[in-house]
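Descriptive analysis of the structure
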Amino acid sequence: MWIPTEHEKYGVVLASFRGTVQHGLPLEIGDTVQILEKCEGWYRGFILKNPNIKGIFPSSYIHLKNAHVKNKGQFETVIPVEDSVITEMTSTLRDWGAMWKQLYVKNEGDLFHRLWHVMNEILDLRRQVLVGHLTHDRMRDVKQHITARLDWGNEQLGLDLVPRREFSMVDPDEISVTELYRLMEHRHRKKETPAPASTHHLFVHVKSLMSANLGEELEVFFHIYDGRENRPLSERFFVKLNKSGLPKSPEKTERQCTLFVDLGSSDLRKDVYIVVHIIRIGRMGAGEKKNLCSVQYRRPFGCAVVSIADLLTADSKDDHLLKVYACNTESEWHQIHENLIKKANSRYNLSGSNTGLAVGLQLLHGDIEQLRREYMVLFTRGVSITRKLGFSDVIMPGEMRNDLYITLEKGEFEKGGKSVARNVEITVYVLDIDGQILKSHVAAGAGEPGGDEYHSLVLYHNNSPRWAEQIKLPIPVDMFRGSHVRFEFRHCSTKDKGEKKLFGYSFVPLMQEDGRTLPDGTHELIIHKCEENTSLADCPRYLKMPFSKANLPSNNQTLKGTKESFWITSFLCSTKLTQNGDMLDLLKWRAHPERINDSLSKLKEIDGSEIVKFLQDTLDTLFGILDESSQRYGLKVFDSLVHIINLLQDSKFQHFKPVMDTYIESHFAGALSYRDLIKVLKWYVDRIVDAEHQDHIQQVLKASEYIFKYIIQSRRLFSLATGGQNEEEFRVCIHELFMSIRFFLSQENKTTSPVAQTQAVFLRTFPAVYGELLKIFTVREVAGFVRETLGSLPTAVHADCLEAVKLQCITKTVESQLYINPESRCILLPVVLRVLQAHMQEQRDLVMCARILTSMLSLIQKEENGTAVSITVEPVVSEEVELIVESLLGVLLRTILEISNRPQPAGPAMRLQFQDVTGEFVACLLALLRQMSDRHYQQLLQAFSSKDNLRDFLLQIFTVFRILIRPEMFSKDWTVMRLVTNNVIITTVLYLSDALRKNFLNDKFDYKVWDSYFYLSVIFINQPCLQLESFSPSKRKKILEKYGDMRVMMGCEIFSMWQNLGEHKLNFIPAMIGPFLEVTLVPQPDLRNVMIPIFHDMMDWEQRRSGNFKQVEAKLIDKLDSLMSEGKGDETYRELFNSILLKKIERETWRESGISLIATVTRLMERLLDYRDCMKLGEVDGKKIGCTVSLLNFYKTELNKEEMYIRYIHKLYDLHFKAQNYTEASYTLLLYDELLEWSERPLREFLNYPMQSEWQRKEYLHLTIVQNFDRGKCWENGIILCRELADQYESYYDYRNLSKMRMMEASLYDKIMDQQRLEPEFFRVGFYGKKFPFFLRNKEFVCRGHDYERLEAFQQRMLNEFPHAIAMQHVNQPDQTIYQADAQYLQIYAVTPIPESQDVLQRDGVPDNIKSFYKFNHIWRFRYDRPFHKGTKDKENEFKSLWVERTTLTLVQSLPGISRWFEVDKRELVEVSPLENAIEVIENKNLQLRTLITQCQSRQMQNINPLTMCLNGVIDAAVNGGLARYQEAFFVKDYIMNHPEDGEKIGRLRELMFEQAHILEYGLAVHEKYVPQDMRPLHKKLVDQFHLMKSSLGIQEFPAYVRASPVHFTNGSPRTCRNSVPNIISPDGGRGVARRSLPSYPAVNRYSSSSLSSQASNEVSNITGQSESSDEVFNMQPSPSTSSLSSNHSASPNVTSSAPSSARGSPQMAEKHKHSRENACLSPRDRPVSAIFPNPMDPAQRAPPHQIGDATLPRSDPNLSAPDKVRPTPSSWSLDSVKEGAPSFSDSFGKMLCPPVPPRPPYSAGSSAKNMRSQSPVSASRSPQKTTVPPFTPSPTECQSTSLVSNSPVLSGSYSSGISSLSRCSVSEASGTELPAGDHLPHPLPPPTTLPNSVSSSSDEPIRRENKTPPPYSVYERNNPRRPVPLPHSLSIPPQTDPPALPPKPHQLRTGSMKLDGTSDPRVPRPRPLPRKVSQL
């Protein structure tokens, strides 16, 4: 049976529990659990960090701990009863643990390790605290250390600042907000700036003296020396070094380490030095021999100095090597350090090149106790203390010191009969009153213990020695009286045994008869002569003699006149002895009563340190005098007392105040003094107003605190002694005194008047008196005194300084003990509030005002929290709050507004202070609002006299709340403070919303107040500190327990207020849509559920108002973008928005339009969310770009939001630019460019564009785009833009820029010809499955790969971009299960582009560099082939059943474009039959062979291997049986019988086979020429096999005339014919037979073969012939029948069906203005001039139109794509003349050459196909000039023209260009005919055919034929499939039909002489491809 637990509530897990039992709760060691129930050794409960999961666990696993339970029952919370520091440590370490691991993940190694150390340290300290064995002080230190560490870690990890008091965390509810603010501020400040230490100490550690020539012991003396005043500041520190220069007692560190203590900040100056003197102990001369003398002397060695300021900058831990300078002239020894300081180093030698004293020097800061704690090692190891000479800056009471310092300055000695000066040594002794030597009381300095005597150093042969040696005599105070110091002088002989001979002595007593000690200063002592063996033991005998020349009686001339003297300087530093006679006179006043007056007067002149030494004695003396003769000395004693009291105000003596307090409490006995003190004080106060000099009175008032202390203590002593007599009299005296004070305070004075200053002085000290008065008077009485005194101050005070002082006085009053008492508070509060209100209204002294308010409100909170007196206190507190609200709330709000809106002051200190004031006032406001109850709010709102006042108040408080919510209001880590603020705000807003509803609705509606309210609510909900989702679970839990989710509360309030608005809602539509949308995006489900329905309401009201909700839609869309890009919103929100609103509008009449809006917004959200998710990723990838494209298109097409569209254009541009997709970047920027026009319209500043005209921006865009096209190697597109810009510059006559633009254009042409372009691969990618983003989901795309990227690399890249995707291994279309799967599937395969611009690709002589552009740019369609077998597969010959499934994909946009990938718009499937497949395969192979042959022939191949392998593969086709298999499959009778419809195709296959044989023969001929020697056997084998193959095809030999002679043919574009003899070849019949169109196949160019007999030898010779000169290469022109292999050498296997176009017609000037953009692309020089029309022809020469129509069979539907059309059989003359059956009229015409005999005029060339279509479906053909020659019928066209012209809807057909060929021997001039611009037809003209002029089959000259479009087989051949060999051309009979002539347009005829002499106009330019409109690119 489970029983709820009573006491077992909280425990810690001792061992991990797996929780494998039913309902078991898994536990880990260290978890804390809350226990709910127990049952037979088991507990049920939950882990505190995850309270949602409850379960059972064994009780033996839990260590129970004591705990408090809050709100018992279902929602109880448990707080462990333990030290709050431990609780905090535990929770903090848990939080840190998770973050610590994250640091490792983020690779922040430094912080990771530091935090690890700190965590271990805290754990260790936690153990110590838990064990509980620490002493109280140690526990305090440990806790302080722990909290410091916790704060450090929190700060490093960016966690919140914890408010603490006495190391434990503070509950913000338990203390006032003002106090919380103070704690936070204090902790914040503490973190910022530690106060600079006023006391400093110098640590010195002597290491060694490094010198080469030691060998004697040394004494080293350190002291600190003031270079400015030339005096030592400290006593000396003395270290003995041994002969090696190391310390003598290394084991005793105090002998080599010292601390120079108590240096003031003023001592750390540049001119304060550490001075080191070094004395050697040894022989007189440093170089003397050892055996001369054994006596040791102290002799000068050297000196070193270093400035203290250098230590401040140097690294304190480094050792210093001090340079030691040797003293050359001993007479200067006493000032060597001064000279070194003055930089007079040149006088002294360095005592050795490497001599230096190694010393550790370090400056330490802080008082000595602090150092003991911080540098414990230093003090435990041992360090001597070296004191300052004199007292430190601050004298501490109880400090004992009695040191006499004597400096041996100099001496004057007589020669004493010697020829040389003496070597004088002084020995110093201290003797007591009995003449006994005081042992150990002579010290050379700190560091070494004192000795019995001291020997000075010896200066060699010097009768006026100057030693300047300081010694210290630490003589006890009780021994001072009667002691004296004796100095004995000896001469140190350097001869004999070197004994020291006594020759005189001096002495000085330490105390005079009157008790004064030896005065400080220099004393000239008398040297008493004596014999060498005189005994000085009889002290009393010589002590009677005079000791100092200053003390000699005037009659003693003998001693005065003697020249011998000895000077010393003495300095006493004693806390017990005085040298001051006046002080002694005062203390001994009873002995000399007559001197009292004098002594009291002189007291002020005595040094303060002397007075504080004898403070108690002095005070006893003063009150003794007062008691005995108050009448006579009362005033003087009072003044002396004032002097002493004020002396203690000095910072040097402030520590003596406690001494005086103790004296008053314990030792003061003046029970009668109070009367005199009151009397004198009143006397002074009464004279204030009249007195001229106020200084003394001000001194008196300054001391008033202590005077009152003496008065009160005296009265208490009197009351005790007399049982309370004279009480009334005393009260009357005090009342009278206060009346006098009030009178003088009430005087109105100017600022500068002395009285005003006196008032200020009194007000400063007045609050200190309260506490004293309370000792005798009741609280109410004292409060009365204070109220009346402060109330007596004049209200209109002019004195600013007095105002400030008055406020300070009130501050101290509020902070005093008096104010804490509720009784006195109700008396004082009105006075305080009055002053505060006045100041705050005038915005003066705000810092003080804030401080006063803070104190007042802190008190109220404390009163409330005190439970014992709550019944009596409650009404008092409530009343006080009421008073404060009434007088200060309004002014407080105004003050906060004013401060916040002020500009920030410049100085950092001022700014800090400013910030503080704002914070303080805000805390006060919050504290006040938190104190207000319902009653207070009601009273506040009722107090407003009018609606306007209430309105102003509400606006004010809402604005202030908005300021409080600002992020900069509090520091980043002050979350505690922010939460308290929010709690107060929401409580207040709930109270005020009632007032809003009652007073400002319906007819009294006020928009401004409501708007302010909504605005505040929205900002409130969106604050970062309320977004609980971003917090750690523990922090979130704490906040929810304490405050709940304040966002939901506020959201409900917004909703309820909105519902109250009624028709006034229309005022907030659309203004509030954005803010409310922002609120709904907060990821809090409850809040969203509350707020989303408001949008339905808005739609409804907008519908009522205007019949639609376009405004709502527009605003929603605008805001969504900006908010979602900030990271707000999620998938859940999208679903919620959709479902809630759809549900809401179900019953509305406007449901349809509502659904549409919701759908639009939802779709936009989908895209925005995808966009945001993609943007989170690191590097730029396709996903980001695709997503941006999707969004950009959505804005343009669905939403028509131009500005958003342009913004995303630029975002996309940036992505491309970053990814170096320069071509795509250009296309993207073009989208914006095309929105602009060449106009002067001004454009505003936008994105990164400045304010400029539309023309300027378009120009800038053009230049940027050209630059990017250049980088992306898309130069053709750049050229078009260059031309457009050039046109603009030309129209503005801006020739400078025009020139630049032309040069840029030229450079782009150069790049096309010179630079290498890589050919990209294209890949089709399918994205299947629901896990893909919306813009990809279940769609297929074609992607342009990167440079060098092949399928495997592309696949890998896609899988990296979508790491969760699964790659599909087949290419079949997936089924629905894949589409609907909750996964990501990628299907990737390569596809082949189908180029649109076939005319360029088919044209001979166009270099590869140019063709490559057209192969891979502007591609809309792609193809993928999948072979399969239909029916039964023939194992012998699989070709019979091998079908191909061809998929053609059409994209929504051409590639490349604004993205590297575009979606597939349409897919078409065509099945290619085995026969058609065979035709394509052979065509492919033929093309490949041609290409390789041409490359080999033109020496483009480095080696011949590719050609060898290809020939071998075709001839030796052992794999599939080669052509034989096709013969078996399709040439057998069965197949022909079963497929009668394939007759034509079979014929075509046969042609191709012959053609292949023909090509192979070429190939072998070329191969033979170039094959290397080692491959000759292979070549021979190939030739043999070829003959076998030929015989299998039934070919015996090619006709002889074809082989007549070789034709020269080189790579490039052959232009001229050399001595060509015309031959007459009659074409086949012109009628084409329709056949089933073949779907185009990648890498196929279709060739129609003519009769092999007539052509093979011609073509072989064409290939093998070599041109004899470079000139001829340039001038060659192919003859009609030649196979232009050169034009195909670059055709890669990717070339597919191209369409013809006559893009060579000359553009006409008349059309220029119609096509401004296109015309910009052709400059006048580009337009051909040599195309001249002939006269219209004879009607007889024209063929009937219908005949030609029959021959061409044009397609009726121009919109069908090529593969779907019926394709007529192309006429075939040469192997390469028709590509894909789509010949180009202009190509063939442009390169056509007619033989020269007989000459004839040219005839007109047709215009572009597009224009032709509208006239007639009849194809134009050339009409012969000689009627005797039968004309040619043209090759029929069969493919739609998809040239550049047809791509552009703007370009008209006028853009074709005709060109005449250049030739040495013949001319063919052509002229282009044009149609009107409006005729846009997608149908091409058929190519023209050349005119054969004569036949000469036996000619030796090479035969040249130009036509690229040979005629088809004769009808006879085509209809007779059994015929094995086709009829040769020469035998075929052409039909006698006259082709029609095209009449020229009159305006196109150009004048010009017809050149019939065999030369053409050399000025004619070459044709060039048409420009495209870039927007179509």
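Right above here is the structure, for reference.
What counts, and where the lines are drawn
- Residues numbered from 1 in each chain as written.
- Predicted model: local features only at pLDDT ≥ 70, side-chain atom pairs only at ≥ 80, totals over all residues.
- Heavy atoms only, no water.
- Helix = DSSP H or I, 4+ residues; strand = E, 2+ residues; numbered from the N terminus.
- Buried < 20%, exposed > 50% of the residue type's maximum accessible area, 1.4 Å probe, protein only.
- Contact = heavy atoms within 4.5 Å.
- Areas by Shrake-Rupley, 256 points an atom, 1.4 Å probe, with all protein chains shown as cover.
- Polar contact = N/O pair within 3.5 Å; in protein donor to acceptor, adjacent residues only side chain to side chain.
- Pairing = 2+ DSSP bridges.
- Axes fitted to C-alpha atoms, helices over the stretch in contact; angles between N-to-C directions.
- Parallel < 35°, antiparallel > 145°, perpendicular 65-115°, else oblique.
- Left-handed = near helix turned anticlockwise from the far one by under 90°.
- Nonpolar A, V, L, I, M, F, W, Y, C, P; charged D, E, K, R; others polar.
- Phe/Tyr/Trp six-rings, centres within 6.5 Å; stacked < 30°, edge-to-face > 60°.

**Some thoughts on the overall build of the chain**
Scanning the chain from N- to C-terminus turns up 66 helices and 44 strands. Within the span of the chain, comprising 1977 residues, buried residues form 56% of the whole. Across the chain, the fraction of contacts at a sequence separation of at least 24, relative to all contacts at a separation of at least 6, is 76%. Accessible surface, the chain: about 85,200 Å² in total, of which carbon and sulfur atoms supply 52%.

**A few points about the environment of Glu 524**
Turning to its location among the elements, Glu 524 is positioned in strand E29 (residues 521-526). Exposure remark for Glu 524: the relative accessible area of 27% places this residue in the partly exposed category. Each C-alpha atom, one on Glu 524 and one on Gly 411, is 9.3 Å from the other, the two residues being 113 residues apart in sequence. Apart from residues no more than four positions distant in its own chain, Glu 524 is found in contact with Phe 547, Ser 548, Lys 549, Ser 565, Phe 566 and Trp 567. Of note is the side chain of Glu 524, whose polar atom sits 2.7 Å from the side chain of Ser 565.

**Considering the sheet that holds strand E22 (residues 384-386)**
Strand order in the open sheet formed by five strands is E18-E21-E11-E15-E22, with mixed pairing between adjacent strands. The open sheet has two free edges, formed respectively by strand E18 (319-323) and E22, since each of these has just one partner strand. Here the strands of the sheet are splayed against their neighbours by 35° on average, with no regard to which way each runs. In the sheet, strand E11 (residues 199-210) pairs with strand E21 (residues 356-365) via 10 bridges, with the strands oriented antiparallel. When the sheet's bridge partners are listed, Phe 203 is paired in E21 with Gln 362.

**A word on the packing of helix H53 (residues 1474-1497) against helix H57 (residues 1543-1570)**
It is at 9 Å that the axes of H53 and H57 come closest, and there the two elements cross at 20°. Taken together, the axis directions place H53 and H57 in an arrangement best described as roughly parallel. Read as a crossing pair, H53 and H57 show a hand that is left-handed. Its residues assigned to classes, the contact of H53 with H57 comprises 16 nonpolar, four polar and seven charged.

**Details of the packing of helix H34 (residues 1007-1022) against helix H36 (residues 1046-1061)**
Where H34 contacts H36, the two axes come as close as 9 Å, and the packing angle between them is 155°. On the basis of their axis angle, the class for H34 and H36 is roughly antiparallel. For H34 against H36, the interelement crossing comes out left-handed. Packed against H34, whose contacting residues are Trp 1010, Tyr 1013, Phe 1014, Ser 1017, Val 1018, Phe 1020 and Ile 1021, the element H36 presents Met 1046, Arg 1047, Met 1050, Gly 1051, Glu 1053, Ile 1054, Met 1057, Trp 1058 and Leu 1061 at the interface. Partitioned by chemical class, the residues of the contact of H34 with H36 number 12 nonpolar, two polar and two charged.

**Regarding the packing of aromatic side chains**
The tally for this structure, following the rule as stated, stands at 75 aromatic pairs. When the ring of Phe 1323 is compared with that of Phe 1354, the centres are 4.4 Å apart and the planes differ by 15°; the resulting orientation is stacked. Here Phe 1323 is found in strand E34 (residues 1322-1328), whereas its partner Phe 1354 is found in helix H49 (residues 1351-1361), with 31 residues between them in sequence. You'll find Phe 1323 and Phe 1354 in the same group, each marked buried. Summarising the aromatic geometry, the rings of Tyr 1328 and Tyr 1379 are spaced 5.2 Å apart at their centres and angled 75° between planes, so their arrangement reads as edge-to-face. Placement of Tyr 1328 in strand E34 and of Tyr 1379 in helix H50 (residues 1376-1379) is noted, with a sequence separation of 51 residues between them.

Nothing here speaks to function; it is all geometry.
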